[in-house]
Amino acid sequence: MSKNTVFEELKKAQDVLTDTIHRSAQTNLETFEKLMEINRKSVSKADEVSNPNDFISRQSAVFKEYAEQLGSHVETLTSIGLETRDQLTEISAEFAKGLDFSAMFPISDAAVN
């Protein structure tokens, strides 16, 4: 395996990791913005509550919305992680195919027979 091939494979892996970091950060930012919007809406409507039952009902709805948003966020991050793992596994398998292990693990002809 040539040095250029090694660097090409490392560059591919680096690109995958860079893309993963970017996508994860973008997902985190989008989720944070959505959660802040949910929070803003719930706080702005707090003045309108005259009955404790209404308050509890609204808070339950807000918590449900938070939970759904966070569940979706975790699913998205999991998907990104699994995709990245698959890409890196493929890159490492291609890299390993080009390695010559015979120098590292010499096997005599007598051992083969």
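The coordinates are above.
Caption draft 1: Up close: the overall build of the chain. Looking only at helices and strands, the chain features three helices and zero strands. Reading the secondary structure of the chain in the N-to-C direction produces α-α-α. Considering the chain as a whole, with its 113 residues, one finds that 14% of them fall into the buried category. Relative to all contacts within the chain whose residues are 6 or more apart in sequence, the contacts with residues 24 or more apart total 89%.

Caption draft 2: Broad picture of the side chain of T20. Among the secondary structure elements, T20 is positioned in helix α1 (residues 3-44). Sequence-distant contacts of T20, that is, excluding residues within four places in its chain, are made with I80 and T84.

Caption draft 3: Structural context of the pattern of salt bridges. This structure, assessed with the given rule, holds seven salt bridges. K97 is the salt-bridge partner of E94, the closest N and O atoms lying 3.3 Å from each other. In this pair, E94 and K97 are both assigned in helix α2 (residues 52-97), three residues apart and thus about one turn of the helix distant. The exposure class assigned to E94 is partly exposed, which follows from its relative accessible area of 43%. Assessed through its relative accessible area of 63%, K97 is described here as exposed. When salt bridges with common partners are traced through the structure, they connect D19, R23 and E83 into a single cluster.

Caption draft 4: Spatial organisation of the side chain of T27. Residue position: T27 is located in helix α1. Residue class for T27 comes out buried when judged on its relative accessible area of 11%. Dropping the residues within four chain positions of it, T27 is found in contact with H73, T76, L77 and I80.

Caption draft 5: Quick look at α2. For α2, built from 46 residues, the straight-helix expectation of 68 Å at 1.5 Å per residue is met to within 8% by its first-to-last C-alpha distance of 67 Å. Inspection of α2 places V62, Q69, H73, I80, T84 and I91 among the buried residues, and these make up the whole buried set. The N-cap of α2, judged by a side-chain oxygen 2.8 Å from the amide nitrogen of N53 a few residues on, is N51.

Basis of the calculations
- Residues numbered from 1 in each chain as written.
- Predicted model: local features only at pLDDT ≥ 70, side-chain atom pairs only at ≥ 80, totals over all residues.
- Heavy atoms only, no water.
- Helix = DSSP H or I, 4+ residues; strand = E, 2+ residues; numbered from the N terminus.
- Buried < 20%, exposed > 50% of the residue type's maximum accessible area, 1.4 Å probe, protein only.
- Contact = heavy atoms within 4.5 Å.
- Salt bridge = Lys/Arg side-chain N within 4 Å of Asp/Glu carboxyl O.
- Expected span 1.5 Å × (residues − 1).
- Polar contact = N/O pair within 3.5 Å; in protein donor to acceptor, adjacent residues only side chain to side chain.

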